Amino acid sequence: MENRKVQGVSEIEYLFEKLKLAWDRGDGEAYGACFTEDADYVTFQGEHLQGRKAIADTHRQLWNSVLRGSTLEGEIKKIHFITPEFAIFHGLGAVKLRWQKTAPKKRDSINTNVAVNQNGEWKIAAFQNSRISGPGLMQKIFTKLSK
């Protein structure tokens, strides 16, 4: 099991790299290929894309417009194997637009991924992305009042 887990970690890291490379090339087919046929993908705005084709098509449209020439920076922070064929991993990421030298901190996101090993290849079955932000004004007020 431990050997399979180590191999699984490197395979999931490779999957995440393929995802980033597909983004950087603006390649919807390669990006979609990182997901299962029936994958669920929730964007940071809360849009729910269903299926590999919708994921590929939506990203292709973005790369042909507002995200043309953008790159994806990121890394996996944690991988947890539920079984040898099923894992949950968390990644950090940020989109750097084509005119930016670095991705602005306000674009930092964290994503939760459910990965499955299908026929010896890891794919993402579910993806949920959220912007990283500090506590809002109301949360700060309520925290202060509760002390």
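Residues numbered from 1 in each chain as written. Predicted model: local features only at pLDDT ≥ 70, side-chain atom pairs only at ≥ 80, totals over all residues. Heavy atoms only, no water.

### Thoughts on the packing of aromatic side chains
Applying the stated criterion across every chain yields a total of ten aromatic pairs. Look at tryptophan 23 and tyrosine 31: their rings are 5.9 Å apart centre to centre, the planes differ by 65°, and that puts the pair in the edge-to-face class. Judged by its relative accessible area of 8%, tryptophan 23 is buried. In this structure tyrosine 31 comes out as buried when scored by relative accessible area, which is 1%. Judged by centre distance (4.2 Å) and plane angle (25°), the ring pair of tyrosine 41 and phenylalanine 127 falls under stacked. Separated by 86 residues along the polypeptide, tyrosine 41 in strand β1 (residues 35-42) and phenylalanine 127 in strand β6 (residues 121-131) bring together distant segments of the chain. (Phe/Tyr/Trp six-rings, centres within 6.5 Å; stacked < 30°, edge-to-face > 60°. Buried < 20%, exposed > 50% of the residue type's maximum accessible area, 1.4 Å probe, protein only. Helix = DSSP H or I, 4+ residues; strand = E, 2+ residues; numbered from the N terminus.)

### Regarding the UniProt feature "domain: DUF4440" (unreviewed entry) in the protein
In this numbering, the UniProt entry assigns the feature "domain: DUF4440" (unreviewed entry) to residues 15-124. Here residues 15-124 is 25% helix and 45% strand, with 9 Å between the C-alpha atoms at its ends. (UniProt positions renumbered as here; feature names shortened; annotations may be inferred.)

### A word on the environment of glutamine 128
Within the secondary structure layout, glutamine 128 lies in strand β6. Overall, the relative accessible area of 32% leaves glutamine 128 in the partly exposed class. A sequence separation of 86 residues divides glutamine 128 from valine 42, and the C-alpha atoms of the two residues are 4.6 Å apart. Every residue in contact with glutamine 128, bar those within four places of it in the chain, is listed here: Val42, Thr43, Ile110, Asn111 and Thr112. (Contact = heavy atoms within 4.5 Å.)

### Some remarks on the nonpolar core
Proteins that are soluble and globular tend to have nonpolar side chains buried together. Ile12, Tyr31 and Phe35 are the most contacted members of the largest nonpolar core, which has 26 residues in total. Looking at this core, the elements that each hand over two or more residues are α1 (2-25), β1, α3 (52-63), β3 (71-83), β4 (86-96) and β6. Excluding residues that lie within four positions of it along the chain, phenylalanine 35 makes contacts with Leu19, Tyr41, Arg52, Ile55, Lys123, Ile124 and Phe127. (Core = buried A, V, L, I, M, F, W, Y, C linked by side-chain atoms within 4.5 Å.)

### Some details on the side chain of asparagine 111
The residue asparagine 111 is located in strand β5 (residues 109-118) in this model. One polar contact links asparagine 111 to asparagine 113, side chain to side chain, over a distance of 2.6 Å. Apart from the residues within four sequence positions on either side, asparagine 111 is in contact with Phe16, Phe89, His90, Gly91, Phe127, Gln128 and Asn129. (Polar contact = N/O pair within 3.5 Å; in protein donor to acceptor, adjacent residues only side chain to side chain.)

### Considerations on the sheet that holds β6
Taking strand neighbours across the sheet as the criterion, the six strands line up as β2-β1-β6-β5-β4-β3 in an open arrangement whose pairing is mixed. Edge positions in the sheet fall to β2 (48-50) and β3, since each has one partner strand and no second. Averaged over all neighbouring strand pairs, the angle between strand axes comes to 15°, with direction disregarded. The sheet contact formed by β3 and β4 spans eleven bridges and is antiparallel. (Pairing = 2+ DSSP bridges. Axes fitted to C-alpha atoms, helices over the stretch in contact; angles between N-to-C directions.)

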